[in-house]
Amino acid sequence: EPEVTQTPSHQVTQMGQEVILRCVPISNHLYFYWYRQILGQKVEFLVSFYNNEISEKSEIFDDQFSVERPDGSNFTLKIRSTKLEDSAMYFCASSDVGHIGGYTFGSGTRLTVV
Amino acid sequence: GNSVTQMEGPVTLSEEAFLTINCTYTATGYPSLFWYVQYPGEGLQLLLKATKADDKGSNKGFEATYRKETTSFHLEKGSVQVSDSAVYFCALKSNQGGKLIFGQGTELSVKP
C-alpha cells in the first residue's frame, strides 16, 4: 500500500537554528499538508499546498515557516529560527483530487528544540 | 468556526467489552467526518469516514454514523481487543477547503 514517508523520525535542534523536515507524498496525490501535534494536545493544521503554491495556512504558519516542493517528489517544511514552543510532532499528509480516498499521513517527525 | 469535541480519555476497557467514543462537531454546511487511529510510535491511519448525513462508516469492526440532527459521529465497536489500544481522533473536513480539523484525541487502553 502506498505510503507517505517522513524523515528524520526524530530531530533535536538548538533554539534559533533552522530545520528542514522532509516528506515524500504518495506519487499520484496532488494535495499536500503539514500538521503538528504538541505533546498532549490536538493535531493542528499548519498549511496546505496545491499546484506549487500554498492554498491555505493557519495562524500558526507565520513568517518563520515555509514549504517547498523542490523536485516533484519531496515536500519540505522549513522553520527558519526555531523556538522552544516549536517542539512537537510534525505530520505530513497527502490526498488525491477530491480527497476521495481520504488523507494519508506519514509517521511524523518528532522535533525537539533545546 | 468549525470544531470537533471528543470525550476525554484515557478509556480503559477489558477485552471483549463494548466501546463508545463520543464525538460531536460544529460546522457550517455539510462536512465530511473521519475517525483516525494512531498506534504507539506510528502515524495517523484512516479508520473510517462518512461524507453525508446518515452515512455509516465501518472498518475492522468499528462503526460510526453521521448524525446531522445531533451533530455527532460516535465511534463504536462491539468487542474490543488488546490490539485496539491506541489513540483515536475524530476529524472533519468542511465542504470549503481541504484541511482536516481534529478533536483532541481519546486514548484507549484494552486490558486482557
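Rules used throughout
Residues numbered from 1 in each chain as written. Chains lettered and ligands numbered in written order. Predicted model: local features only at pLDDT ≥ 70, side-chain atom pairs only at ≥ 80, totals over all residues. Heavy atoms only, no water. Pairing = 2+ DSSP bridges. Helix = DSSP H or I, 4+ residues; strand = E, 2+ residues; numbered from the N terminus. Axes fitted to C-alpha atoms, helices over the stretch in contact; angles between N-to-C directions. Buried < 20%, exposed > 50% of the residue type's maximum accessible area, 1.4 Å probe, protein only.

(A) A look at the sheet that holds strand β8 (residues 75-79) of chain A. All names here are of chain A. Strands sit in the order β1-β3-β8-β7 across an open sheet of four strands; the sheet is antiparallel. Because the sheet does not close on itself, it has two edges, and the strands there are β1 (5-7) and β7 (65-68). On average, each strand axis in the sheet is inclined to that of its neighbour by 20°, with strand direction left out of account. Inspection of the sheet shows strand β3 (residues 19-24) paired to β8 by five bridges, in the antiparallel sense. For V19, the partnering residue across the bridge sits in β8 and is I79.

(B) Layout of the sheet that holds strand β9 (residues 75-77) of chain B. Residue and element names in this part refer to chain B. What the four strands build is an open sheet, ordered β3-β9-β8-β7; its pairing is antiparallel. The open sheet is flanked by β3 (19-21) and β7 (56-59), the only strands paired with a single partner. On average, each strand axis in the sheet is tilted by 15° relative to the strand beside it, whichever way the strands run. Where strand β8 (residues 62-65) and β9 come together, three bridges link them in antiparallel fashion.

(C) Quick look at the environment of Q41 of chain A. Residues and elements named next belong to chain A. Tracing the backbone shows Q41 in the loop between β4 (31-37) and β5 (43-50). Here Q41 falls in the partly exposed class, since its relative accessible area comes to 41%. Taking the C-alpha atoms as reference points, Q41 and P2, 39 residues apart in sequence, are found 28 Å from one another.

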